[in-house]
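What follows is the residue order along each chain.
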Amino acid sequence: MPTVTPYDFDEYVELATFINNQPVFALVDGTVHFPLSPNKTVQANKGLLSATLSQDGNSILTGGEDGRVMRVVNDAAEVVSEQKGKWIDVIASGPNGAVGFASGRTAWVVANNEIKQFDHERAVEGLAFAPKGLRLACGRYNGVTLHWVVGNGAPVDLHWGGAHTQVIYSPDGKYIVSSMAENALHGWRMDDKKSGDVKHMRMAGYPTKPKSLSWSANGKWLASSGSQAAICWPFSGKDGPIGKVPKGFGARDDSMVVCVACHPTEDVVAVGYIDGMVMAVKMADGSEALLRHPGKGPISSLSWDAGGTRIVFGSEEGEAGLIDVSE
Amino acid sequence: MSEARTPVTVLTGYLGSGKTTLLNRILSEDHGKKYAVIVNEFGEIGIDNDLIVESDEEIYEMNNGCVCCTVRGDLVRVVQGLLKRKGRFDGILVETTGLADPAPVAQTFFMDDDVRAKAQLDAVVGLVDAKHFPLRLKDAPEAEDQVAFADVVILNKVDLVSVDELEKLRATVRKINPHAIIHTAERSNIALDQVLDRGSFDLDRILEDDPHFLHAHDHDHPDHECGPSCDHNHSDGAAHSHAHSHEHDCGPDCNHEDHKLDASTHDTTVKSISLRAGEMNRDLFFSWINKLTQIDGPDILRLKGIVAFPGDDDRFVVQGVHMIVEGDHQRPWKADEKRETRMVFIGRNLDREKIERTFNACVAA
Ligand SMILES: [Zn+2]
Ligand SMILES: [Zn+2]
Ligand SMILES: [Zn+2]
Ligand SMILES: [Zn+2]
């Protein structure tokens, strides 16, 4: 049976994850909590708007209402960049400590002790580094712009009408997927770039916005929230999900999936619901394991540890917990 | 999730209408409440305050490129960010640029599910520069839209105009928007409780505290003597105030004050249509309102109404912006209250004959 160690923070949990195998919770008031550490709390920002795990797993990166981008480790927080008067509402981590962040119509990259600025005509709502870190994808109104992080190559525009609010690369870098304001995902297949073509994929049918996205091990599936089940699109074939039907896991008639997190090595997806319930579902046979009963509010963040034996979650109402699924 | 939604006030007004002065008052006066203010540029606001958020206007088309189905994408993000911390603000104020169309701002609070779960449009407040508004009407359609859209209109800087000019201005505003609540001010010295927490978009209060609605439009011209060729809808029994539509053909013995002013207000293109009937057939009414807003939505700036359905003990209230309509049961009809349906449309190019005819076709048998 899984065991749950509950925590109560009384503030919206923006990010629940692990640093060096230790649970960490970043709250919207700007505090970062390490409940298993002797030094339990670090103040990262005055008002926190965005947070993500660094790619090496040793720190989290946060963006705040104070215009600061911070790197937080167990007992300290350091300023990565400061943009006075700006709200840092999007953040992304890249290889070798690279940090991408955005405010309004501007995106920045801090890499190799340099800062680079990318201006856009419309607000940047989503950010993602390509797997090798050479490019930064900026989701915006009517598409995605790909910038070169190193050098001065011309950016590439991927057009698709509508508001793109989040963007991610597939682990192999072949696909870029955005979540849209109109209850759909949009994908571009990037391996045709020599011919200049990109293949479009429209993944629609969600009753609400699919805001949480997670790639399964080796990029076989893309799991998404926004429906009564975790909607998983198959990406293992040559054409990705084109012409294929997605699978739904952990379906509940009376609830809505708001958070998904795929297991680091196996085809298992952790599913968080709008009523605070958490389940784990095996993709092979759809078998479900209840990990947490419903609580006070929607699950806002959900992550596995590197070994795939523990899960942390946080909710909009500040409830959080550490779930041990190792038996 | 059943907690009260945070009220949002939208402040519109042309350059020089006094918006900044009003914002500064809201941020600095001791009114016991905490408002977050979303502005396009910090620039003009002299106060350094962490309750002010700068946000670039991002218009997003939401419905396959329909030009009227737009939201402010930046507000979706900022409002959600502001409301993640519970109890942090008593309300949010959105300042729009002088040239802004108020519709995308208002529609954000209806079309985006995440926003509407947490925030609720309270009122659109339009500031009007009393001295320059007649000029604005000639050169800027946005100025007229802002008045057409407003729940509350503040005629500001009235100390700079004569009594006559003020009355003409009032008539012009009434002509564009007969149902707005009008206040006058000098240097934006309006009582803040007339601006904040109005509940104008709240379905529970719709039309309730709108004195003009009850009489279709209330000219309040006591020396008017109605004659045989005056075709007011005198059936409006409410008090003495003879409600009538603006499209009536006035006769020689009709001495409306506002008609004498028409020469100076011919620059308005927005008109309103007030409708009144008995109980409505439920199915016919819903298919009518849906069809009308789908087809004529781009021309409809605002609509509001109270609907009576046979066998339904509750008043049903509707309101809308362009193609968006929402409705809900409000409260039981009172024993001494006449069960009737009243609606108003404010917009451009509205076909009065068609709207009246199709509305009347929905009356319950
Ligand atoms: Zn439309
Ligand atoms: Zn008359
Ligand atoms: Zn009259
Ligand atoms: Zn008249």
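Predicted model, so just to flag it, every value in this text is computed and none were measured.

What is the right way to look at the overall build of chain B in this model?
Across its full length, chain B carries 10 helices and 14 strands. Expressed as a percentage of the 365 residues in chain B, the buried residues total 56%. Restricting to contacts in chain B with at least 6 residues of sequence separation, those with at least 24 account for 73%. Only carbon and sulfur atoms are counted for the fraction: they give 49% of the accessible area of chain B, which is about 15600 Å².

Explain the sheet that holds strand β24 (residues 257-262) of chain A to me, please; I cannot follow it from the model alone.
The strands that make up a sheet pair up through hydrogen bonds in the backbone, lying either parallel or antiparallel. Residue and element names in this part refer to chain A. Reading across from one edge, β24-β25-β26-β27 is the order of the 4 strands in this open sheet, with antiparallel pairing throughout. Each edge of the open sheet is held by one strand with a lone partner, namely β24 and β27 (288-292). Looking at each pair of strands side by side, their axes are set apart by 25 degrees on average, direction ignored. As paired strands, strand β25 (residues 268-273) and strand β26 (residues 278-282) are joined by 5 bridges and run antiparallel to one another.

Whenever I open this one, the domain arrangement of chain B confuses me. Can you help?
Interfaces are often sized by the accessible area lost when the parts come together. All names here are of chain B. When its domains are assigned, chain B resolves into domain 1 (6-201) and domain 2 (210-360). Contacts between the two partners involve 32 residues from domain 1, matched on the other side by 29 residues from domain 2. Summing both partners gives a buried area of about 2800 Å² for domain 1 against domain 2, and 61% of it is carried by carbon and sulfur. At the surface where domain 1 touches domain 2, the tally comes to 5 salt bridges. Its salt-bridge partner being Arg116, residue Glu326 comes within 2.8 Å of it at the nearest N-O pair. Our count for the domain 1 to domain 2 interface comes out at 7 residue pairs in polar contact (both at pLDDT 80 or more). Mapped onto the side of domain 1 that touches domain 2, the elements with two or more residues apiece are α3 (102-111), α5 (133-139), α6 (141-149) and α7 (163-176). Of the residues forming the side of domain 1 that touches domain 2, the biggest block, 7 residues, is contributed by α7. Of the residues contributing to the side of domain 1 that touches domain 2, the split by class is 18 nonpolar, 5 polar and 9 charged.

What exactly am I supposed to notice about the coordination of the zinc ion (ligand 1) here?
The expected angle between donors at a tetrahedral four-coordinate metal is 109.5 degrees. At an octahedral six-coordinate metal it is 90 or 180 degrees. Residue and element names in this part refer to chain B. Within the protein, the zinc ion (ligand 1) binds to Cys66 (SG), Cys68 (SG), Cys69 (SG) and Met323 (SD); these donor distances fall in the range 2.1 to 2.4 Å. Viewed at the metal, the 4 donor atoms of the zinc ion (ligand 1) are separated by angles of 93 to 122 degrees, and the geometry they form is tetrahedral. Donor residues for the zinc ion (ligand 1), ordered by position in the chain, follow C-x1-C-C-x253-M. Judged on exposure class, the residue Cys68 and its partner Cys69 are both buried.

It is not clear to me how the environment of Gly18 of chain B should be interpreted in this structure. Could you clarify?
Residues and elements named next belong to chain B. Along the chain, the position of Gly18 falls in the loop between β1 (6-13) and α1 (19-28). Placed 343 residues apart in sequence, Gly18 and Ala361 show a C-alpha to C-alpha distance of 46 Å. Ignoring sequence-local partners within four residues, the contact set of Gly18 consists of Leu127, Asn156 and Ser188.

When you look at the interface of chain A and chain B in this model, what are you seeing that I'm missing?
At the interface, 28 residues of chain A touch 26 residues of chain B. Summing the contributions of chain A and of chain B, the shared interface buries around 2300 Å²; its carbon and sulfur component is 41%. The largest share of the area that chain A buries against chain B comes from Trp87, Glu125 and Tyr141 of chain A, three residues that together contribute 22% of it. Between chain A and chain B we count 11 salt bridges in total. We note a salt bridge from Asp56 of chain B to Arg105 of chain A, for which the minimum N-O separation is 4.0 Å. Looking at side-chain class alone, the side of chain A that touches chain B contains 11 nonpolar, 3 polar and 14 charged residues.

Is there a simple way to explain helix α9 (residues 282-296) of chain B in this structure?
Residues spaced three or four apart along an α-helix face the same direction, because each turn holds 3.6 residues. Residues and elements named next belong to chain B. With 15 residues, α9 ought to run about 21 Å at 1.5 Å a step, and its terminal C-alpha atoms sit 21 Å apart, in line with that. The inward-facing, buried residues of α9 contact β10 (271-277), β11 (300-307), β12 (314-321), β13 (324-332), β14 (341-347) and α10 (352-360). With a side-chain oxygen positioned 3.0 Å from the backbone nitrogen of Asp283, the residue opening α9 is Asn281.

Help me understand the environment of Gly94 of chain A in this model?
Residue and element names in this part refer to chain A. Summarising the element assignment, Gly94 is placed in the loop between β10 (90-93) and β11 (99-103). With a relative accessible area of 2%, Gly94 lands in the buried category. On a C-alpha basis, the gap between Gly94 and Lys46 in space is 24 Å, while along the polypeptide they are 48 residues apart. Once you skip the residues sitting within four places of it in the chain, Gly94 turns out to touch Gln55 and Phe129.

Where do I start with the side chain of Glu65 of chain A in this structure?
Structurally, the position occupied by Glu65 of chain A is in the loop between β7 (60-64) and β8 (68-73). In this structure Glu65 of chain A comes out as buried when scored by relative accessible area, which is 16%. A polar contact of 2.5 Å, which involves the side chain of Glu65 of chain A, links it to the side chain of Arg88 of chain B. With near-sequence residues (within four places) excluded, Glu65 of chain A lies in contact with Lys46, Gly47, Leu49, Lys86 and Trp87 of chain A together with Arg85 and Arg88 of chain B.

What's the story with the pattern of salt bridges in this structure? I'm lost.
Side-chain pairs of opposite charge can arise where the charged atoms are in close proximity. Applying the stated criterion across every chain yields a total of 44 salt bridges over all chains. Among the salt bridges present, the one from Arg122 of chain A reaches Glu58 of chain B, with a minimum N-O distance of 2.6 Å. Of this pair, Arg122 of chain A sits in the loop between β13 (114-119) and β14 (124-129) while Glu58 of chain B sits in the loop between β3 (52-54) and β4 (59-61), placing the two residues on different chains. On the accessibility criterion, Arg122 of chain A (22% relative accessible area) is partly exposed. Note that Lys238 of chain A is salt-bridged to Asp239 of chain A, the shortest N-O span being 3.8 Å.

The rules behind each value
Position numbers for residues start from 1 in each chain and track the written sequence from start to end. Chains and ligands are labelled sequentially in the order written, the chains with letters from A and the ligands with numbers from 1. The predicted origin of the model limits local features to residues at a pLDDT of at least 70 and limits the giving and counting of side-chain atom pairs to 80 or more, whereas totals for whole chains, interfaces and linings rest on all residues. With hydrogens and water excluded, all non-hydrogen atoms of the structure serve as input to the side-chain values. Counting from the N terminus, the helices are the DSSP runs of H or I reaching at least four residues and the strands are the DSSP runs of E reaching at least two. Buried residues are those whose accessible area, probed at 1.4 Å on protein chains only, stays under 20% of the maximum for their type, while exposed residues exceed 50% and partly exposed ones sit between those limits. We call two residues in contact whenever any of their non-hydrogen atoms come within 4.5 Å of each other. Using a 1.4 Å probe, the Shrake-Rupley method yields the accessible areas, and only the shown protein chains count as cover for residues. Paired strands are those between which DSSP finds at least two bridges. Axis lines are fitted through C-alpha atoms, for helices just across the contact stretch, and the angle between N-to-C directions can take any value from 0 to 180 degrees. Annotation comment: domain bounds sourced from an automatic or database domain assignment. Computed with a 1.4 Å rolling probe, the buried area is the accessible surface lost when two parts are put together, summed over both parts. A pair is scored as a salt bridge if a Lys or Arg side-chain nitrogen falls within 4 Å of a carboxyl oxygen belonging to Asp or Glu. Counted as a polar contact is a pair of N or O atoms within 3.5 Å, where, for protein atoms, one must be capable of donating a hydrogen and the other of accepting one, and residues adjacent in sequence contribute only when both atoms are in side chains. All residues other than Ala, Val, Leu, Ile, Met, Phe, Trp, Tyr, Cys, Pro, Asp, Glu, Lys and Arg, Gly among them, are scored as polar; the first ten of these are nonpolar and the last four charged. For Na, K and Ca the donor cutoff is 3.2 Å, while for all other metals N, O and S atoms must lie within 2.8 Å; water is not among the atoms, so some sites may look incomplete. By the criteria applied here, four donors are tetrahedral when all angles lie between 85 and 135 degrees, four are square planar and six octahedral when opposite donors are over 155 degrees apart and every other angle lies between 65 and 115, and any other arrangement is irregular. Helix span, as expected, comes to 1.5 Å for every residue beyond the first.

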